[in-house]
Amino acid sequence: MNPFLLSLLLAFVWATITADFGAGNLLAGFLLGNLSLLLVRRRFPGGAFRRGLKLLQLAGYFVLELVLSSLRVSRDVLSPRLRFRPAIVALPLDARRDVEIFLLANLVSLTPGTLSIDVSRDRTVLYVHTMHGEEAEAMVREVKERFERLILEALA
């Protein structure tokens, strides 16, 4: 991520924490963000800093997915007509280590509308129950391109 954009993000976080979005406070947050980034980069050269950013990106994506999935499931539950087409989907895994598979399975289960059921014996497939079986291919593609990719990058 671009250091300037990251500093802007940290300035926004600072303003949110202090509940002051004035120009002076945003500038102070921007300067503190730059100082923090400088200190962190010196303390954790190379991969550790990048890994931390990837973990933050994964957490942000999960929160976004959590909100969107919650809204979708709420809409489906409150709708007068049933929109459910439950299915069990086989999700091929690129993840091989236990921690990667564990994290992926748990993030999938924590997302409303999906539930991890099992992992194949050879650990190449994660079986997922989804409320929207008609969109199984899109769900598999999204989980692989987003969750799994971010997990593999963050834990590399």
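Residues numbered from 1 in each chain as written. Predicted model: local features only at pLDDT ≥ 70, side-chain atom pairs only at ≥ 80, totals over all residues. Heavy atoms only, no water.

J.: I would appreciate a short explanation of the overall build of the chain in the present structure.
T.: On a plain count of helices and strands, the chain comes out with 5 helices and 3 strands. Each helix (α) and strand (β) of the chain, taken in turn from the N terminus, gives the series α-α-α-β-α-β-β-α. Taken over C-alpha atoms, the radius of gyration comes to 19 Å for the chain, far larger than the 15 Å a tight globule of 156 residues would show. Oriented by its inertia axes, the alpha-carbon framework of the chain measures out at about 55 × 40 × 20 Å. Counting the 156 residues in the chain, one finds 34% classified as buried. When contacts within the chain are restricted to residue pairs at least 6 apart in sequence, those whose partners lie at least 24 apart make up 66%. Total accessible area on the chain stands at roughly 9,900 Å², and carbon and sulfur atoms take up 67% of it. (Helix = DSSP H or I, 4+ residues; strand = E, 2+ residues; numbered from the N terminus. Rg over C-alpha atoms; globule rule 2.2 N^0.38 Å. Buried < 20%, exposed > 50% of the residue type's maximum accessible area, 1.4 Å probe, protein only. Contact = heavy atoms within 4.5 Å. Areas by Shrake-Rupley, 256 points an atom, 1.4 Å probe, with all protein chains shown as cover.)

J.: Help me understand the pairing of strand β2 (residues 114–119), please; the structure alone is not making it clear to me.
T.: Two faces make up the sheet, and in a regular strand the side chains alternate between them. Two strands pair when backbone bridges link them, and β2 and strand β3 (residues 125–130) are joined in this way by 5 bridges, in the antiparallel orientation. Along β3, the bridge assignment pairs T114 with T130. Connecting the antiparallel pair β2 and β3 is a turn made up of 5 residues, with R123 showing a positive phi of about 60°. (Pairing = 2+ DSSP bridges.)

J.: Is there a simple way to explain the packing of aromatic side chains in this structure?
T.: For any pair of aromatic rings, geometry is given as the distance between the ring centres together with the angle between the planes. Following the criterion strictly, the structure yields 3 aromatic pairs and no others. Both rings, one in F12 and one in F21, keep their centres 5.8 Å apart while their planes meet at 50°; by these two values the pair is tilted. For F12, a relative accessible area of 48% puts it in the partly exposed group. The exposure class of F21 is partly exposed, given its relative accessible area of 47%. When the centroid spacing of 5.1 Å and the interplanar angle of 75° are considered together, the rings of Y61 and F147 count as edge-to-face. Taken as a pair, Y61 in helix α3 (residues 47–78) and F147 in helix α5 (residues 136–154) lie far apart in primary sequence, 86 residues in all. Note on accessibility: Y61 and F147 belong to one class, buried. (Phe/Tyr/Trp six-rings, centres within 6.5 Å; stacked < 30°, edge-to-face > 60°.)

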